[in-house]
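Architecture and fold: a report
This is what each chain is made of:
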Protein chains: 2
Amino acid sequence: MCHKIRLMSNYTNINANPYADDFPTLKVMLGKETPMRLDCGTEISNFPMAYQTYGTLNADKSNAILVTHALTGDQFAADTHPISGKSGWWSKMIGPGKAIDTNLYFVICSNVLGGCMGTVGPATINPETNQPWGVDFPIITIGDMVRAQALLLDELGIDSLFSVVGGSMGGMQALEWAAAYPERVFSCVPIATAAHHSAQNIAFYEVGRQAIMADPEWCGGRYLIEDKKPHAGLAVARMAAHITYMSEGALTQKFGRRLQDREEVTFGFEADFQIESYLRHQGISFVDRFDANSYLYVTRALDYFDLAASHGNGILAEAFRGTKVRFCVISFSSDWHYPPDESRVIVRGLTGAAANVSYVDVESDKGHDAFFFDEPNFVRVLDGFLRGAAVKRGLLDE
Amino acid sequence: MCHKIRLMSNYTNINANPYADDFPTLKVMLGKETPMRLDCGTEISNFPMAYQTYGTLNADKSNAILVTHALTGDQFAADTHPISGKSGWWSKMIGPGKAIDTNLYFVICSNVLGGCMGTVGPATINPETNQPWGVDFPIITIGDMVRAQALLLDELGIDSLFSVVGGSMGGMQALEWAAAYPERVFSCVPIATAAHHSAQNIAFYEVGRQAIMADPEWCGGRYLIEDKKPHAGLAVARMAAHITYMSEGALTQKFGRRLQDREEVTFGFEADFQIESYLRHQGISFVDRFDANSYLYVTRALDYFDLAASHGNGILAEAFRGTKVRFCVISFSSDWHYPPDESRVIVRGLTGAAANVSYVDVESDKGHDAFFFDEPNFVRVLDGFLRGAAVKRGLLDE
């Protein structure tokens with residue numbers, strides 16, 4: 001015998017509980033007087049939405065930017081994450097003097113419907129049963145996420161957003177905002193995103209869902225009630241998805257075939273290669289902060305997203321017909337999760353509606369995740385577009 | 001509640017046993033007098049190798065083609081698979097008058113070392129313990145697979161192969177043959193392959209391995225002894241890998257966002273989309289015919305493959321220095337598993353050794369799996385190259 005086997009992790013030692021609601025965040029109850037009707041037909045009422053804000057709302061409430069988060073993101077866009085202890089996922093972009101300049105704008109970022117950081121989702125207690133919703137939680141869509149965000153703006157007394165800005169699933173929410181509430185959006189920045197999920201996108205998330213559901217600790221979705229966690233399945237789901245967020249070139253450059261803390265391969269199934277070690281770490285650290293059922297629900301919302309179908313009767317341009325929103329569509333050259341071609345489809349749709357649209361494909365080797373990094377050309381474009389729009393909105397002198 | 005949950009499959013109903021050895025195939029015992037030393041250092045002796053042949057060996061034994069199979073392939077290249085009942089995986093390519101013409105050539109295809117169709121592997125009974133090897137089976141490499149094939153040829157009394165032809169992992173074996181036994185190979189056709197596994201390749205197979213090892217039915221690798229099968233984990237591994245075998249374009253064309261036997265989405269986690277249904281089927285049907293531990297071992301052999309490192313001291317051209325082998329390197333334009341660039345690396349290495357090499361990148365939308373299909377230009381190239389080489393070898397008149 002010339003090797004050893006070791007499992008990825010002993011998950012049972014992980015104690016962090018992302019559902020404890022014991023971290024500070026802003027929270028409102030929505031749908032109090034009138035229930036909110038979901039696309040699936042179910043109505044939900046009196047449900048929590050968690051959010052964070054940065055900067056100051058001006059007197060006429062015209063400087064609000066809604067930042068919308070990606071699949072595994074949350075409302076902690078620009079401050080320390082209460083579970084991981086890491087900087088907010090867009091700390092590089094949001095702050096005084098940064099592209100999303102908190103000296104100028106009032107930034108709101110809310111946890112999506114179906115999430116697990118304080119907004120209602122499958123891990124939330126269902127008041128009717130006094131137990132977590134689990135898979136009895138209704139299926140939600142990107143449309144539902146945005147509808148709930150609109151209720152949040154109502155609560156905050158904000159009629160109209162100066163801008164809605166988001167990458168990946170956040171970009172889908174930005175597009176949905178422009179299509180569903182064109183009168184409430186002055187400008188819109190969909191980044192590294194698509195107007196619908198492709199077969200390949202659906203396929204990758206289906207693998208992740210099957211990995212979670214195949215984990216016996218998933219317990220048919222009732223794991224919180226059974227005091228279990230499908231950590232192994234969720235970690236595999238995260239690993240599979242994470243590969244699609246990085247470009248092949250970046251993986252080769254960052255890891256190649258380099259070995260992890262060893263001179264030679266061990267002839268075994270340990271993480272001989274740095275890429276294996278990295279991926280395992282991605283999987284293990286993810287389960288600390290994310291709920292497996294939320295992963296099922298939010299990926300399903302992604303799969304169901306089809307803006308042309310939901311707002312344009314099958315024609316994307318129709319979803320934007322007559323829009324006054326100013327668009328800045330941004331893609332990254334090495335993104336193969338939502339490739340630049342998907343952004344070009346959005347631009348074609350917008351152009352077909354004679355919309356005010358700029359498009360930039362940023363040259364980058366960082367793949368889909370490039371929008372998390374401060375790629376200089378990306379930052380410049382975002383900063384420039386927002387400042388230009390701010391002049392038009394009267395927030396800045398020319 | 002507006003949806004239902006259903007697991008991918010009730011695996012416990014699957015009775016097919018790929019390890020029963022109760023199907024007809026040719027088999028020899030190898031390493032009888034002298035044990036075979038594996039790259040990991042372990043020696044194995046008196047081990048079975050299963051194979052199939054097609055066509056007739058000529059009198060001077062100069063017309064043998066070794067066809068080498070891919071990760072999930074086996075020796076049933078051109079006859080009905082004994083478990084799935086389907087045609088052999090290369091039935092379109094091997095037969096009278098076909099590109100690999102059995103009127104002209106004697107074709108041998110053997111199950112790889114570590115496989116589960118009769119050649120020794122982790123599911124084989126270890127004579128010392130009278131139990132399946134499981135994860136006590138030594139780690140094997142592409143080099144070991146080829147070394148065992150060379151012993152098979154010794155048994156068959158074949159000194160020299162007219163050609164070694166294979167796609168994907170089969171192409172790696174073809175390259176390994178040319179590097180390790182240049183005097184025993186007249187021509188070599190590596191198809192849709194690479195001279196080493198990239199970080200992205202390793203990453204995808206690592207996800208599959210983690211899915212298998214995370215399945216409690218894997219039992220630390222002892223599932224056959226415990227009378228269990230990690231079917232769910234293996235199915236997820238297959239689904240993740242299968243996505244990489246198809247081009248994004250082909251997925252869009254074949255499935256797009258089309259729904260499976262329904263008019264509208266169900267707002268649930270059933271296979272609403274055709275691509276989901278297709279992938280689940282791929283996963284479920286795979287576990288009938290493949291051993292989970294074999295999947296671990298053979299993917300590990302892929303990860304460890306690095307021809308420049310093992311034969312060229314880090315320089316690919318050195319692995320082929322002075323070779324007289326005639327090479328035909330073939331890639332497919334839409335293959336992103338082993339993209340055309342990987343084939344170009346091989347061609348550069350061969351050219352750097354002044355080898356006799358032709359290279360064709362076949363325009364195809366079928367992705368990595370294109371070599372399983374009868375893409376006309378692919379078939380023409382393979383047929384033409386082999387017939388041209390056959391003239392040079394004196395098997396055919398000019």
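Residues numbered from 1 in each chain as written. Chains lettered and ligands numbered in written order. Predicted model: local features only at pLDDT ≥ 70, side-chain atom pairs only at ≥ 80, totals over all residues. Heavy atoms only, no water.

**Some details on the overall build of chain A**
Counting secondary structure elements, chain A contains eleven helices and 14 strands. What you see for chain A is a C-alpha radius of gyration of 21 Å, in line with the 21 Å of a compact globule of 398 residues. Buried residues in chain A amount to 62% of all 398 residues. Partitioning the contacts of chain A with sequence separation of at least 6, the portion at a separation of at least 24 is 72%. (Helix = DSSP H or I, 4+ residues; strand = E, 2+ residues; numbered from the N terminus. Rg over C-alpha atoms; globule rule 2.2 N^0.38 Å. Buried < 20%, exposed > 50% of the residue type's maximum accessible area, 1.4 Å probe, protein only. Contact = heavy atoms within 4.5 Å.)

**Considering the sheet that holds strand S5 (residues 64-68) of chain A**
Residue and element names in this part refer to chain A. One open sheet holds the eight strands; their spatial order is S1-S4-S8-S5-S11-S12-S13-S14, and the pairing between them is mixed. With partners counted over all chains shown, the strands left at the sheet margins are strand S1 (26-30) and strand S14 (356-362), one partner each. Between one strand axis and the next, the sheet turns by 20 degrees as a mean value, whatever way the strands run. Note: strand S4 (residues 47-54) against strand S8 (residues 106-110), four bridges, orientation antiparallel. Counted as the bridge partner of Thr53 is Ile108 from S8. Across the face of the sheet, helix H11 (residues 376-393) comes into contact with S5, strand S11 (161-167), strand S12 (185-191), strand S13 (326-332) and S14 while running at roughly 170 degrees to S12. (Pairing = 2+ DSSP bridges. Axes fitted to C-alpha atoms, helices over the stretch in contact; angles between N-to-C directions.)

**Section: the interface of chain A and chain B**
Taken together, the contacts link 64 residues of chain A with 64 residues of chain B. When the two sides are added together, the surface that chain A and chain B hide from each other amounts to roughly 5,400 Å², 71% of it contributed by carbon and sulfur. On the chain A side of the interface with chain B, the three residues burying the most area are A:Arg257, A:Phe267 and A:Phe269, jointly 14% of the side's total. There are ten salt bridges connecting chain A and chain B. Among the ionic pairs, B:Arg209 bridges to A:Glu276, the shortest N-O distance being 2.9 Å. There are 24 residue pairs in polar contact (both at pLDDT 80 or more) connecting chain A and chain B. Looking at the side of chain A that touches chain B, the elements that each hand over two or more residues are helix H3 (199-214), helix H4 (231-245), helix H5 (248-254), helix H6 (274-287) and helix H7 (292-304) of chain A. (Buried area = accessible area lost by both parts, 1.4 Å probe. Salt bridge = Lys/Arg side-chain N within 4 Å of Asp/Glu carboxyl O. Polar contact = N/O pair within 3.5 Å; in protein donor to acceptor, adjacent residues only side chain to side chain.)

**Some details on the domain arrangement of chain A**
Interfaces are often described in size by the accessible area the parts lose on coming together. Residue and element names in this part refer to chain A. Along its sequence, chain A is organised into domain 1 (11-15 + 201-299) and domain 2 (26-196 + 307-393). Together, the buried faces of domain 1 and domain 2 total about 2,500 Å²; carbon and sulfur atoms form 62% of this surface. In terms of surface lost to domain 2, no three residues of domain 1 exceed Arg289, Tyr297 and Val298, which account for 29% of the buried area on that side. Scanning the region where domain 1 abuts domain 2 turns up zero salt bridges. Remark: the boundary between domain 1 and domain 2 carries 13 residue pairs in polar contact (both at pLDDT 80 or more). Counting only elements with at least two residues in the side of domain 1 that touches domain 2, the list comes to H3, H4, H5 and H7. Top element by residues in the side of domain 1 that touches domain 2 is H7. It accounts for six residues. Split by residue class, the side of domain 1 that touches domain 2 holds 14 nonpolar, ten polar and five charged. (Domains from an automatic or database assignment. Nonpolar A, V, L, I, M, F, W, Y, C, P; charged D, E, K, R; others polar.)

**Concerning the relation of the copies chain A and chain B**
Mapping chain A onto chain B calls for a screw motion: a turn of 180 degrees about the axis and a shift of 0.0 Å along it, with 0.0 Å RMSD after fitting. Look at the turn and shift together and you get a two-fold axis relating the two. A high fraction, 100%, of the interface residues of chain A reappear at the interface in chain B, so the copies pair face to face through one surface. (Least-squares fit on C-alpha atoms with pLDDT ≥ 70 in both.)

**Examining helix H10 (residues 340-352) of chain B**
If you check H10(B), its first and last C-alpha atoms are 18 Å apart, about what 13 residues at 1.5 Å a residue would give, namely 18 Å. Note on H10(B): the residue one or two positions beyond its end, B:Ala354, has a positive phi of about 55 degrees. (Expected span 1.5 Å × (residues − 1).)

**Describing the environment of B:Val146**
In this fold, B:Val146 is placed in helix H1 (residues 142-156). With near-sequence residues (within four places) excluded, B:Val146 lies in contact with B:Gln173, B:Glu176, B:Trp177 and B:Tyr181.

**A word on the packing of H1(B) against helix H2 (residues 169-180) of chain B**
All names here are of chain B. The contact between H1 and H2 brings their axes to 9 Å, and the two run at 70 degrees. Relative to H2, the element H1 is oriented roughly perpendicular. As for the relative orientation of H1 and H2, their crossing is right-handed in sense. Contacts from Ile142, Gly143, Met145, Val146, Gln149, Ala150 and Leu153 of H1 reach H2 at Met169, Met172, Gln173, Glu176 and Trp177. Class assignment of the residues belonging to the contact of H1 with H2 gives a composition of eight nonpolar, three polar and one charged. (Parallel < 35°, antiparallel > 145°, perpendicular 65-115°, else oblique. Left-handed = near helix turned anticlockwise from the far one by under 90°.)

**Digging into the packing of aromatic side chains**
Across all of its chains, the model carries 42 aromatic pairs over all chains by this definition. For the ring pair A:Trp133 and A:Phe137, a centre distance of 5.6 Å and an interplane angle of 80 degrees mean the geometry is edge-to-face. Here B:Trp177 and B:Tyr181 contribute two aromatic rings whose centre-to-centre distance is 5.1 Å and whose plane-to-plane angle is 50 degrees, an arrangement assigned as tilted. In terms of burial, B:Trp177 and B:Tyr181 fall into one category: buried. Across from the ring centre of A:Phe373, 5.7 Å away, lies the NZ or CZ of A:Lys366, which sits over that ring. B:Arg238 extends its terminal NZ or CZ atom over the ring of B:Phe286, reaching a point 4.7 Å from the ring centre. (Phe/Tyr/Trp six-rings, centres within 6.5 Å; stacked < 30°, edge-to-face > 60°. Lys NZ or Arg CZ within 6 Å of the ring centre and 35° of its normal.)

**Considerations on the side chain of B:Asp291**
Residues and elements named next belong to chain B. By the element assignment, Asp291 lies in the loop between helix H6 (274-287) and helix H7 (292-304). For the buried Asp291, no salt bridge exists, and the shortest N-O distance to an oppositely charged side chain is 7.0 Å, to Lys229. Side chain to side chain, Asp291 and Tyr223 meet in a polar contact 2.5 Å long. (Lys, Arg positive; Asp, Glu negative; His and termini not counted.)

**A few points about the sheet that holds strand S5 (residues 64-68) of chain B**
Residues and elements named next belong to chain B. Here we have eight strands laid out as an open sheet, ordered S1-S4-S8-S5-S11-S12-S13-S14, and mixed in their pairing. The open sheet has two free edges, formed respectively by strand S1 (26-30) and strand S14 (356-362), since each of these has just one partner strand. Taken pair by pair, the neighbouring strands of this sheet meet at an average axis angle of 20 degrees, ignoring direction. As paired strands, S5 and strand S8 (residues 106-110) are joined by three bridges and run parallel to one another. Within S8, the position partnered with Ala64 by the bridge is Phe106. Where H2 meets the sheet, its contacts fall on S5, strand S11 (161-167), strand S12 (185-191) and strand S13 (326-332), and the angle it forms with S12 comes to roughly 150 degrees.

**Focus: the pattern of salt bridges**
Inspection of every chain in the model, using the stated rule, returns 40 salt bridges over all chains. What you see here is one network of salt bridges that share partners, running through A:Glu206, A:Arg209, A:Arg300, A:Asp303, B:Arg262, B:Asp272, B:Glu276 and B:Arg280.

**Observations regarding the side chain of A:Asp144**
All names here are of chain A. The topology assignment puts Asp144 in helix H1 (residues 142-156). For Asp144, a relative accessible area of 0% corresponds to the buried category. The residues contacting Asp144, other than those within four sequence positions of it, are Met36, Arg37, Leu38, Asp39, Leu113 and Ile139.

**Considering the environment of B:Pro122**
All names here are of chain B. Along the chain, Pro122 falls in the loop between S8 and strand S9 (125-126). Accessibility expressed as a relative area gives 1% for Pro122, which makes it buried. Separated by 111 residues in the primary sequence, Pro122 and Gly233 place their C-alpha atoms 17 Å from one another. Apart from the residues within four sequence positions on either side, Pro122 is in contact with Gly114, Pro132, Trp133, Gly134, Phe137, Asp291, Asn293, Ser294 and Tyr297.

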